[in-house]
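The residues making up each chain are set out below.
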Amino acid sequence: MPIIAPSLLSADFLNLQKDCTMLNESDADWFHLDVMDGSFVPNISFGFPIIEKVRKATTKICDVHLMILEPGKYAEAFKKAGADILTVHIEACPHLHRNIQQIKGLGMRAGVALNPHTPVSLLLDIIDDVDMVCLMSVNPGFGGQQFIPNTINKIRALKHLIKDKGLHTLIEIDGGVTLENAPAILHAGADVLVAGNTVFKSDDPQATIAALKSL
Ligand code: DX5
Ligand code: ZN
């Protein structure tokens, strides 16, 4: 069964308690938290105060996706705020190996995210060290965008790489995931589905999460 990670970016920011309770009582596995700095991506989202509050309100795993430059400066603060998984972008990390070791040393699971144009082959010498690869299936920065079809090829290539090396690295797909395209995404080899608009803009978010979970 896939891991379902609804994205807070599409939640009701005036009613986060309500959405946290809804997720706690759903089949969701993780809570995906998108942090944007206005430099690495053309948008600014939220930071530590929100993550700290969500950590207190949710029983789920906090999966923090950093779309920021120099993530190493803040890794410890994200741990303190309550991150269980911390994902950094390969494009933002000239010293990715160091960043990954730092995250794991702080007691979090470490993820690396790839933008749509970044080839999976760049992971060859880091894949053994990471717990999860997040393939961006939209250009990061905003919720509610269209899934980029080439992501399916990237999932297949990444799955091969992981299998060839005998690893158990999780593959997370982030952006434009719907009930319609999720079966193909899972069939290609994905383990974790991030879903923002698909969950929060649906009439019955808990039923939508259950439907994704049962795929
Ligand atoms: C995009 C974020 C995503 C976003 C997904 O930059 O990383 O996590 O919240 O939203 P949807 O599922 O609406 O595309
Ligand atoms: Zn994300």
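Keep in mind the model is a prediction, meaning the values are calculated, not measured.

*Asks:* Looking at this structure, I do not really get the overall build of the protein. What am I missing?
*Replies:* Looking only at helices and strands, the protein has eight helices and eight strands in total. Over its C-alpha trace the protein gives a radius of gyration of 16 Å, about what one expects of a compact globule, namely 17 Å for 215 residues. C-alpha atoms of the protein, sized along the principal axes, occupy 40 × 35 × 30 Å. A total of about 9,600 Å² of accessible surface is found on the protein, and carbon and sulfur atoms cover 53% of it. Within the protein, one finds 18 positive and 24 negative side-chain charges whose respective centroids are separated by 4 Å.

*Asks:* What should I look at first to understand the coordination of the zinc ion (ligand 2) in this one?
*Replies:* Reference values for angles at a metal are 109.5 degrees in the four-donor tetrahedral case and 90 or 180 degrees in the six-donor octahedral case. Here the zinc ion (ligand 2) is held by the protein donor atoms His32 (NE2), Asp34 (OD), His65 (ND1) and Asp174 (OD), which lie 2.0 to 2.3 Å from it. Given six donor atoms and angles of 69 to 169 degrees at the metal, the environment of the zinc ion (ligand 2) is assigned as octahedral. Read in sequence order, the donor residues for the zinc ion (ligand 2) give the motif H-x1-D-x30-H-x108-D. Here the residue His32 occupies a position in strand 2 (residues 30–36), and Asp174 occupies one in strand 7 (residues 170–174), the gap between them amounting to 142 residues. The exposure class assigned to His32 is buried, which follows from its relative accessible area of 0%.

*Asks:* Is there a simple way to think about the nonpolar core in this case?
*Replies:* For soluble globular proteins, nonpolar side chains are generally found buried alongside one another. Leu123 and Leu158 are the most contacted members of the largest nonpolar core, which totals 61 residues. In terms of residues, this core owes the most to one element, helix 5 (residues 151–164), which gives five residues. Discounting chain neighbours no more than four positions away, the residues touching Leu123 are Ile90, Val112, Leu114, Val133, Leu158 and Leu161. Counting residues in hydrophobic clusters, the runner-up holds eight residues, among them Trp30, Met132, Leu170 and Val192.

Definitions and cut-offs
- Residues numbered from 1 in each chain as written.
- Chains lettered and ligands numbered in written order.
- Predicted model: local features only at pLDDT ≥ 70, side-chain atom pairs only at ≥ 80, totals over all residues.
- Heavy atoms only, no water.
- Helix = DSSP H or I, 4+ residues; strand = E, 2+ residues; numbered from the N terminus.
- Rg over C-alpha atoms; globule rule 2.2 N^0.38 Å.
- Areas by Shrake-Rupley, 256 points an atom, 1.4 Å probe, with all protein chains shown as cover.
- Lys, Arg positive; Asp, Glu negative; His and termini not counted.
- Charge placed at Lys NZ, Arg CZ, Asp CG, Glu CD.
- Donors = N, O, S within 2.8 Å, 3.2 Å for Na, K, Ca; no water.
- Tetrahedral: all angles 85-135°; square planar, octahedral: opposite > 155°, others 65-115°.
- Buried < 20%, exposed > 50% of the residue type's maximum accessible area, 1.4 Å probe, protein only.
- Core = buried A, V, L, I, M, F, W, Y, C linked by side-chain atoms within 4.5 Å.
- Contact = heavy atoms within 4.5 Å.

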